[in-house]
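# Secondary and tertiary structure notes
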Amino acid sequence: MYDLKIMHADRPAAPVEVTSDVDSRTVSTLSSLTKNYNKGLWEAPPLQHLWLVQVNKNPRLRHLWQHLESNLEVLENAGIHVFESGIWMHDRHGENIIAAAQNLCRLGVESAHSRPAVEGAPKIALVFNQNWGSWDGSGEDITTWVNDFLSSPRCEDNIKKLTVPGATEAHLAVFAHMSAVPWSVWRGLLDSSVVPLTRPSLPAPMTHIWIFPAPWGSPWGESALSFDSCKGWRRFETSE
């Protein structure tokens with residue numbers, strides 16, 4: 001059974017399937033961070049500075065929480081306030097500094113920068129390494145991603161459910177999460193001025209696709225894209 005249906009006054013109801021392109025492990029990590037680790041902001045009394053720490057997408061949060069502070073303290077006590085993974089570790093630092101840097105790498109830390117702490121500020125703030133990359137300012141990568149997504153095994157069941165006798169339309173709604181889609185795709189989806197020029201290949205019986213960008217911290221962006229096999233692409237506000 002499909003998820004929803006659109007009721008039309010002048011033609012048969014149209015089936016709608018809802019799916020997503022999301023990195024479930026990353027979303028689980030973010031959920032745990034919010035629930036168990038104060039959204040990645042916590043006090044670290046032994047430290048004197050506020051440390052902004054960038055970690056990879058899926059660190060072991062409990063292990064990170066237990067060991068991050070002590071290794072940053074080693075750097076801070078040595079007067080080191082900038083850490084870049086794999087760049088600055090040299091023999092001139094001494095064994096304890098090198099060990100702390102290696103520990104940070106094992107914890108999934110990619111960089112750490114400190115600044116004087118202000119009163120009441122958290123001493124450690126985590127930032128996750130998100131998908132970044134180049135973007136040519138167009139929406140053409142969106143069409144490429146749509147074609148790849150629709151032809152992947154994950155969509156087989158959705159497409160099968162859209163096969164409804166008598167229906168003249170079939171819609172697929174996709175939540176494209178920035179944890180999973182290529183950077184150029186998510187960036188194009190989030191930009192309200194971008195509309196692809198090329199048509200995607202919708203497998204039968206699909207006639208429409210709706211794409212909602214899903215950034216961190218909010219269910220979707222302010223605008224989204226839809227493609228109608230008869231009318232083409234259009235941009236619409238998600239509040240419509």
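Just so it is clear, the structure is predicted and the values come from calculations on it, not from any experiment. (Residues numbered from 1 in each chain as written. Predicted model: local features only at pLDDT ≥ 70, side-chain atom pairs only at ≥ 80, totals over all residues. Heavy atoms only, no water.)

### Here's the deal with the overall build of the chain
The helix and strand inventory of the chain stands at six helices and eleven strands. Expressed as a percentage of the 240 residues in the chain, the buried residues total 43%. Within the chain, contacts between residues separated by at least 24 positions form 74% of all contacts whose residues are at least 6 apart in sequence. Here the chain has roughly 12900 Å² of accessible surface; of this, 52% comes from carbon and sulfur atoms. (Helix = DSSP H or I, 4+ residues; strand = E, 2+ residues; numbered from the N terminus. Buried < 20%, exposed > 50% of the residue type's maximum accessible area, 1.4 Å probe, protein only. Contact = heavy atoms within 4.5 Å. Areas by Shrake-Rupley, 256 points an atom, 1.4 Å probe, with all protein chains shown as cover.)

### Considering helix α3 (residues 95-106)
Over its twelve residues, α3 runs 16 Å from end to end, which matches the ideal 16 Å to within 8%, given 1.5 Å per residue. For α3, the full list of buried residues reads Ile97, Ile98, Ala100, Ala101 and Leu104. Along the long axis of α3, the arc covered by the buried residues comes to 160 degrees, so they all point the same way. In this structure, α3 carries Glu95, Asn96 and Arg106 as exposed residues pointing more than 90 degrees from its buried face. Those residues of α3 hidden inside the fold are in contact with α2 (61-77), β5 (82-84) and β6 (109-116). Taken from the residues just after α3, Gly108 is the one with a positive phi, measuring 90 degrees. (Expected span 1.5 Å × (residues − 1). Arc of directions from axis to C-beta.)

### Considering the sheet that holds strand β2 (residues 14-21)
With mixed pairing, six strands are arranged side by side in an open sheet as β1-β2-β8-β9-β10-β11. In this open sheet, the two strands that pair with only one neighbour each are β1 (4-6) and β11 (232-237). The mean angle between the axes of side-by-side strands here comes to 25 degrees, regardless of whether they run parallel or antiparallel. Here strand β10 (residues 223-228) pairs with β11 via six bridges, running antiparallel. Bridge pairing links Phe227 to Trp233 in β11. Docked against the sheet, helix α4 (residues 140-150) engages β2, β8 (171-177), β9 (208-214), β10 and β11, running at close to 110 degrees with respect to β9. Strand contacts of helix α6 (residues 183-190): β8, β9, β10 and β11, with the helix running at about 95 degrees to β9, the strand carrying the most contacts. (Pairing = 2+ DSSP bridges. Axes fitted to C-alpha atoms, helices over the stretch in contact; angles between N-to-C directions.)

### Concerning α2
Taking 1.5 Å as the rise per residue, α2 with 17 residues should run 24 Å; its terminal C-alpha atoms sit 24 Å apart, in good agreement. Within α2, the axis deviates most sharply at His67, by approximately 40 degrees. Positive phi appears at Gly79, one or two residues downstream of α2, with a value of about 80 degrees. (Bend = angle between axes of the 7 residues up to and from the residue.)

### Notes on the confidence of the model for the chain
Parts of the model with low pLDDT should not have their predicted coordinates read in detail. Averaged over all residues, the pLDDT of the chain is 88; the fraction at 70 or higher stands at 92%. Across the chain, element-level confidence peaks in α4 with a mean pLDDT of 97 and bottoms out in helix α1 (residues 24-36) with 79. (pLDDT = per-residue confidence, 0-100.)

### A word on the pattern of salt bridges
When the charged atoms of two side chains lie near each other, side chains of opposite charge can form a pair. Using the criterion set out here, one finds six salt bridges in the structure. Put simply, Asp10, Arg11 and Glu169 are held in one network by salt bridges that share partners. (Salt bridge = Lys/Arg side-chain N within 4 Å of Asp/Glu carboxyl O.)

### Quick look at the packing of α2 against α3
Across the interface, α2 lies against α3 with an axial gap of 9 Å and an inter-helix angle of 145 degrees. Once α2 is placed against α3, the crossing between them reads as left-handed. Contacts from Leu68, Asn71, Leu72, Val74 and Leu75 in α2 reach Asn96, Ile97, Ala100, Asn103 and Leu104 in α3. Residues that form the contact of α2 with α3 fall into these classes: seven nonpolar, three polar and no charged. (Left-handed = near helix turned anticlockwise from the far one by under 90°. Nonpolar A, V, L, I, M, F, W, Y, C, P; charged D, E, K, R; others polar.)

### Quick notes on the pairing of strand β4 (residues 49-55)
For β4, the tally of buried residues reaches five of seven residues, placing the bulk of the element in the interior. Where β4 and β6 come together, seven bridges link them in antiparallel fashion. Residue pairing in the sheet places Leu52 in a bridge with His113 of β6. Across five bridges, β4 lies against strand β7 (residues 124-128) in parallel orientation. Counted as the bridge partner of Val53 is Leu126 from β7.

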